Amino acid sequence: MDYFRCVKPCVESEIGKLEYVILHAPGKEIEHMTPENAHKFLFSDILNYREAMSNYKDFEGSLRKVTNVLTFKELLIDAIGDEEVRQTLVSSVCEREERPYLKEVLNGLSVEDLATVLIEGYDNAGLKERYILPPVPNLFFMRDAAFTMYNNVMVSKMATDVRDRETMLWNTIFKYSHIIDVEAINPVDRYARNGMGSVEGGDVEIARHDIILSGCGARTSQEGVKAILDHLRSLGGTRHLITQELPLEPDSFIHLDMVFTFLDKDRCMAYKPVIMNSRFKTTHYEVNGYNYTKVRDEDNLIEALDKLGMHLEPIFCGGGDDYYGPREQWHSGANFFSFAPGKVLGYARNYHTIEALNQNGFEVLKAADVASGKVSVDDFKRCVVAFEGNELSRGGGGARCMTMPLRRQAVEW
């Protein structure tokens with residue numbers, strides 16, 4: 001990891017060429033889920049560990065061919081190598097989760113074993129509950145609990161307590177890691193006057209250096225949106241926040257990136273029944289530091305961006321078909337991750353969406369071929385790297401959810 005010393009985060013768009021990204025492969029923590037507790041951990045199904053890892057292999061392998069990959073566990077081990085940091089984190093976790101009796105046990109573990117336990121849980125099969133310290137099975141959805149905005153990383157204020165440990169681990173990494181040099185901000189804690197509200201990274205997208213998008217629904221509240229707005233005010237200059245109301249159900253609509261993602265400077269993926277439906281409110285906030293705020297309603301997200309000089313041609317999830325669209329959106333068919341302008345990753349299982357991309361000039365590449373080096377993304381102007389996701393998609397997230405970009409190159413608009 002010496003090669004990665006002191007990475008300075010900077011993300012000013014969703015599509016700039018990716019320089020550093022953080023990943024976490026789904027581990028044994030997902031085997032904690034049962035039909036009885038899956039809903040508690042925000043899953044609508046239980047995942048098979050071996051199948052999920054098989055799906056993930058080519059996804060990660062493809063990213064390693066195109067950028068620098070850091071792993072969450074390596075960063076955590078680096079951060080807690082300091083004894084004082086380690087003891088502080090153990091105390092905080094045990095107090096937050098009401099398990100003070102575990103402090104001595106956890107502090108007696110090696111650094112590597114402690115990092116494993118904090119992710120995979122502390123197993124005690126002799127008890128009624130298998131895990132005396134629960135695992136964090138949502139962790140492989142990196143984007144929810146942390147996201148990079150300009151030169152800061154934002155640690156989310158999660159909508160549910162079950163994911164609190166993820167934010168504690170992220171805070172420890174960003175504060176004490178020798179690998180990342182950054183200030184971490186929790187926008188709700190810093191800006192919300194009453195400390196209420198929630199913001200999750202799946203709802204926040206950086207369209208351009210001066211334009212931020214935010215979903216507003218089950219996971220990001222109005223108070224959370226106001227906190228993001230206050231952060232933009234603090235940066236000075238003219239900036240725009242465009243919010244998109246999301247349906248509160250079903251669960252497949254939990255974040256903006258489940259219905260809208262950027263593909264290129266002039267292309268986006270959209271789920272038509274939400275993004276093009278005036279029933280779901282789109283609001284444009286324009287700020288100039290603390291000088292003024294202008295607020296206006298917009299017809300839809302794409303038209304709002306068009307007025308700001310971002311002319312996007314939407315490609316619709318499921319090809320815009322009334323039948324295939326909802327089926328594929330359910331399995332994250334609108335959730336793509338761009339690693340360079342016009343070059344994206346997404347699930348191969350969403351056939352009609354992939355075909356719509358192909359018809360719009362995106363060459364379809366198999367992730368296994370990219371990961372093995374058989375095919376190079378550099379040979380194509382636009383491409384979609386399609387990876388197997390029959391198991392991963394059952395977790396309720398896609399390629400964007402599973403990535404936490406740290407650095408992107410600037411885009412020439």
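Within each chain, residue numbers correspond to sequence positions counted from 1 in written order. Only residues with pLDDT of at least 70 are given local features in this predicted model, and only at 80 or more are side-chain atom pairs given and counted; all residues enter the totals for whole chains, interfaces and linings. To obtain the side-chain values, all non-hydrogen atoms of the structure were included, while hydrogens and water were left out.

**Some remarks on the overall build of the protein**
Phase 1: By definition, any uninterrupted DSSP run of H or I lasting at least four residues is a helix, any uninterrupted run of E lasting at least two residues is a strand, and each is numbered from the N terminus. Check the secondary structure of the protein and you find 14 helices and 20 strands.
Phase 2: The dimensions of the protein, computed from C-alpha atoms along their principal axes, are 60 × 55 × 45 Å.
Phase 3: Buried residues are those whose accessible area, probed at 1.4 Å on protein chains only, stays under 20% of the maximum for their type, while exposed residues exceed 50% and partly exposed ones sit between those limits. Counting only residues that meet the buried cut, the protein has 58% of its 413 residues in that class.
Phase 4: Summing over all exposed atoms, the protein offers an accessible surface of approximately 17,300 Å²; the carbon and sulfur share of this is 45%. Using a 1.4 Å probe, the Shrake-Rupley method yields the accessible areas, and only the shown protein chains count as cover for residues.

**Regarding unusual backbone geometry**
Phase 1: The omega torsion of the bond from E249 to P250 falls at 5°, within 30 degrees of zero and hence cis.
Phase 2: Checked against the element boundaries, P250 lands in the loop between β10 (238-245) and β11 (260-264).
Phase 3: One non-glycine residue with positive phi stands out, namely E98, at about 55°.
Phase 4: If you trace the backbone, E98 turns up in the loop between α3 (83-96) and α4 (103-107).
Phase 5: One non-glycine residue, S332, lies in the positive phi region at around 60°.
Phase 6: Within the secondary structure, S332 sits in the loop between α12 (324-330) and β16 (337-340).

**Points about the pairing of strand β19 (residues 383-387)**
Phase 1: With five of its five residues buried, β19 lies for the most part within the structure.
Phase 2: Side chains of β19 alternate between two faces, with C383, V385 and F387 and V384 and A386 buried alike.
Phase 3: Two strands are said to pair when DSSP picks up at least two bridges between them. Pairing analysis gives four bridges linking strand β18 (residues 363-366) to β19, with the strands arranged parallel. Opposite V364, over in β19, you have V384 as the bridge partner.

**Some words on the sheet that holds β11**
Phase 1: Spatially, three strands are ordered β11-β12-β15 in an open sheet, and the strand pairing comes out mixed. A strand with exactly one partner marks an edge of an open sheet, and here the two such strands are β11 and β15 (313-316). Taking each pair of neighbouring strands and ignoring which way they run, the sheet shows an average axis angle of 30°.
Phase 2: Sheet analysis places β11 next to strand β12 (residues 267-270), joined by four bridges and oriented antiparallel. The axes used here are C-alpha line fits, helices contributing only the stretch in contact, and every angle between their N-to-C directions lies in the interval 0 to 180 degrees.

**Let's talk about the packing of α3 against helix α7 (residues 164-176)**
When two helices pack together, their arrangement is captured by the angle between the axes and the distance separating the axes.
Phase 1: In the contact formed by α3 and α7, the axes pass within 11 Å of each other and the chain directions differ by 165°. Between α3 and α7, the crossing angle belongs to the class labelled roughly antiparallel. Handedness of the α3/α7 crossing: right-handed. On the side of α3, the interface is formed by V85, L89, S92, V93 and R96, while α7 contributes D164, R165, M168, L169, T172 and Y176.
Phase 2: Residue composition of the contact of α3 with α7, by class: six nonpolar, two polar and three charged. When an angle is under 35 degrees it counts as roughly parallel; over 145 it counts as roughly antiparallel; between 65 and 115 it counts as roughly perpendicular; any other value is oblique. Crossings are classed by handedness, with left-handed meaning an anticlockwise turn of the near helix from the far one by less than a right angle and right-handed meaning a clockwise turn. Contact definition: two residues touch when any of their heavy atoms are within 4.5 Å. Ten residue types, Ala, Val, Leu, Ile, Met, Phe, Trp, Tyr, Cys and Pro, are classed as nonpolar, four, Asp, Glu, Lys and Arg, as charged, and the remainder, Gly among them, as polar.

**Examining the sheet that holds β18**
Phase 1: Spatial ordering of the open sheet is given by β16-β17-β19-β18, a layout of four strands whose pairing is mixed. Each of the sheet's edge strands pairs with one partner strand only, and the pair in question is β16 and β18. For this sheet, the mean inter-axis angle between neighbouring strands, taken without regard to orientation, is 30°.
Phase 2: Across three bridges, β16 lies against strand β17 (residues 343-347) in antiparallel orientation.

**With respect to the pattern of salt bridges**
Phase 1: In the sections that follow, a salt bridge refers to a side-chain nitrogen of Lys or Arg positioned within 4 Å of a carboxyl oxygen of Asp or Glu. All chains considered together, the criterion is met by 25 salt bridges.
Phase 2: In this structure, D58 engages K57 in a salt bridge whose closest nitrogen and oxygen atoms are separated by 3.4 Å.

**Observations regarding the packing of aromatic side chains**
Phase 1: Between 30 and 60 degrees the pair is tilted, below 30 it is stacked and above 60 it is edge-to-face, where a pair is any two Phe, Tyr or Trp rings, Trp via its six-membered ring, whose centres lie within 6.5 Å. Applying the stated rule across the entire model yields nine aromatic pairs.
Phase 2: For the ring pair Y347 and F387, a centre distance of 5.1 Å and an interplane angle of 55° mean the geometry is tilted. Note that Y347 is positioned in strand β17 and F387 in strand β19, a separation of 40 residues in sequence.
Phase 3: The class for F387 is buried, based on a relative accessible area of 1%.
Phase 4: Pairwise contacts between aromatic rings join Y56, F59, Y347 and F387 into one cluster.
Phase 5: Above the face of the Y150 ring, R239 is positioned so that its terminal group lies 4.9 Å from the ring centre.
Phase 6: Over the face of the ring belonging to F316 we find K272, whose NZ or CZ atom lies 5.2 Å from the ring centre. Whether a charge lies above a ring is judged from NZ of Lys or CZ of Arg, which has to be within 6 Å of the ring centre and within 35 degrees of the ring normal.

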